[in-house]
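# Descriptive structure summary
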Amino acid sequence: MKTFSAKPADVEHKWVVIDAEGAVVGRLAAYIATRLRGKHRPDFTPHTDCGDHVVVINADKVIFTGNKFEDKRYYRHTGHPGGIKETSPRKLIEGKFPERVLENAVKRMLPKESPLARTQFSKLRVYAGAEHKHEAQQPEVVDFKSLNTKNVRSA
């Protein structure tokens, strides 16, 4: 039996919608990263993009467990000496782009700095509200909250 290797032309990319309202950020990001890479498929091939397009709605209503909403810190560097900047999840969610919390969590769970990782990450669409503009693709709705009781926290 020969080892199967998926070719890019043979892969069919599905569209899925996930409602993030009340979902725990880390668990949701891990699930999304798995779908983007295609590791949920039996024909997964590491060097081929065989993941799905993922649309996330209500990203501004995600939940952190414990005190992470207040205490967790995100660091970035401007590139200049002494240019380290920090922010918290509270500032990001209450700010102008609350979807960046989930985007950063997913991006950090994908392979680092490769063209394949950039292609896979580009298939993620995150929206802060309940509306999205991808109805024409007839996305399948994934009930993430019912997969495990730990996936959801009440506010």
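As a convention, each chain's residues are numbered from 1 in the sequence order in which they are written. Only residues with pLDDT of 70 or above have their local features reported here, since the model is predicted, and side-chain atom pairs are shown and tallied only from 80 upward, although totals for entire chains, interfaces and linings are computed over all residues. Water and hydrogen atoms were dropped before computing side-chain values, which therefore reflect all heavy atoms in the structure.

## Considering the nonpolar core
Ile-18, Leu-28, Ile-32, Val-54, Val-56, Leu-102 and Leu-124 are the most contacted members of the largest nonpolar core, which totals 28 residues. Secondary structure is summarised from DSSP: a helix means a run of H or I of at least four residues, a strand means a run of E of at least two, and numbering begins at the N terminus for each. Contributing elements (two or more residues each) for this core: strand E1 (15-19), helix H1 (25-37), strand E2 (53-57), helix H3 (89-94), helix H4 (100-107) and strand E5 (124-126). In terms of residue count, H1 provides more of this core than any other element does, 7 residues in total. Whether two residues touch is decided by their heavy atoms; if any such pair falls within 4.5 Å, the residues are in contact. With residues up to four places along the chain from it excluded, the contact list for Leu-102 reads Val-25, Leu-28, Ile-32, Val-56, Ala-59 and Val-126. Among the buried residues, those of types Ala, Val, Leu, Ile, Met, Phe, Trp, Tyr and Cys that are joined through side-chain atoms within 4.5 Å form a nonpolar core. Residue burial is assigned from relative accessible area. The probe radius is 1.4 Å, only protein chains are included, and a residue is buried under 20% of its type maximum, exposed over 50%, and partly exposed in between. In terms of nonpolar packing, the next biggest core, distinct from the first, is built from 5 residues, Trp-15, Val-17, Val-55 and Tyr-127 among them.

## Focus: the environment of Asp-19
For Asp-19, the position within the fold is in strand E1. Along the chain, Asp-19 and Val-55 lie 36 residues apart, while their C-alpha atoms are 8.6 Å from each other. Look past the residues within four positions of Asp-19 in its chain and what remains in contact with it is Ile-57, Asn-58 and Lys-145. Polar contacts here mean pairs of N or O atoms no more than 3.5 Å apart (in protein, one a potential hydrogen donor and the other a potential acceptor; neighbouring residues in sequence count only if both atoms are side-chain atoms). At a separation of 3.3 Å, a polar atom in the side chain of Asp-19 contacts the main-chain amide nitrogen of Glu-21. Of note is the side chain of Asp-19, whose polar atom sits 2.7 Å from the side chain of Asn-58.

## Quick look at H4
Within H4, the full set of buried residues consists of Val-101, Leu-102, Ala-105 and Val-106. All buried residues of H4 fall inside an arc of 125° around its axis, so they share one side. Along its buried surface, H4 packs onto H1, E2, strand E3 (74-77), H3 and E5. It is the directions from the helix axis to the C-beta atoms whose arc is reported.

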